[in-house]
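The chain contents come next:
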Amino acid sequence: MGFLVPGIRRVSFSANSKKAVDVPKGYLAVYVGEKLKRFVIPLSYLNKPTFQDLLSQAEDEFGYDHPMGGLTIPCKEHVFLSITSCLNGC
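Remember, it's a predicted structure, so these values are computed and weren't measured experimentally.

Side note on the packing of aromatic side chains
- Scanning the model with the defined rule gives three aromatic pairs in all.
- Arranged with centres 5.0 Å apart and planes meeting at 45 degrees, the rings of Phe39 and Phe80 form a pair that is tilted. Taken together, the residues span a long stretch of sequence, with Phe39 in strand β4 (residues 37-42) and Phe80 in helix α2 (residues 77-87) at a distance of 41 residues. Of the two residues, Phe39 and Phe80, neither departs from the other in class, the shared state being buried.
- Aromatic pair Phe51 and Phe80: ring centres 6.4 Å apart, planes at 65 degrees, arrangement edge-to-face. On the criterion of sequence distance, the pair formed by Phe51 in helix α1 (residues 49-62) and Phe80 in helix α2 is long-range, its members being 29 residues apart. Side by side, Phe51 and Phe80 carry an identical accessibility label, which is buried.
- Ring pairing ties together the aromatic residues Phe39, Tyr45, Phe51 and Phe80, which thus form one cluster.

Structure (structure tokens):
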């Protein structure tokens with residue numbers, strides 16, 4: 001799931017992916033939770049220590065082989081939403 005921002009461009013996450021997805025410039029799609037729900041987040045999150053902890057968990061669990069072709073975050077959706085809401089200004 002994402003949100004509309006002016007300047008949307010078509011992006012494919014992997015060479016094997018035949019499905020192109022809409023991701024606004026300056027954002028990244030990630031997949032979270034058991035159902036691999038898609039979220040579109042600002043690239044600025046990648047510099048935040050809390051989000052880097054999530055990236056470390058993703059590396060530990062998946063290495064560089066993410067099942068969705070995009071970045072998969074191994075945590076529950078409600079935890080992810082709580083973390084990202086704090087990154088937006090808790």
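Once the structure has been displayed, the description carries forward.
Brief notes about the packing of α1 against α2
- Following both chains from N to C, one finds α1 and α2 inclined at 150 degrees, their axes separated by 10 Å at the closest point. One way to sum up the angle between α1 and α2 is to call them roughly antiparallel. Packed against α1, whose contacting residues are Thr50, Phe51 and Leu54, the element α2 presents Phe80, Ile83 and Leu87 at the interface.
- In terms of residue class, the contact of α1 with α2 is made up of five nonpolar, one polar and no charged.

Overview of the pairing of β4
- Where strand β3 (residues 27-32) and β4 come together, six bridges link them in antiparallel fashion. Bridging from a neighbouring strand, Val32 pairs with Lys37 of β4.
- In this structure, the hairpin formed by β3 and β4 is closed by a connection of four residues, where Gly33 is found at a positive phi of approximately 85 degrees.

Reading the values: the criteria
Residues numbered from 1 in each chain as written. Predicted model: local features only at pLDDT ≥ 70, side-chain atom pairs only at ≥ 80, totals over all residues. Heavy atoms only, no water. Phe/Tyr/Trp six-rings, centres within 6.5 Å; stacked < 30°, edge-to-face > 60°. Helix = DSSP H or I, 4+ residues; strand = E, 2+ residues; numbered from the N terminus. Buried < 20%, exposed > 50% of the residue type's maximum accessible area, 1.4 Å probe, protein only. Axes fitted to C-alpha atoms, helices over the stretch in contact; angles between N-to-C directions. Parallel < 35°, antiparallel > 145°, perpendicular 65-115°, else oblique. Contact = heavy atoms within 4.5 Å. Nonpolar A, V, L, I, M, F, W, Y, C, P; charged D, E, K, R; others polar. Pairing = 2+ DSSP bridges.

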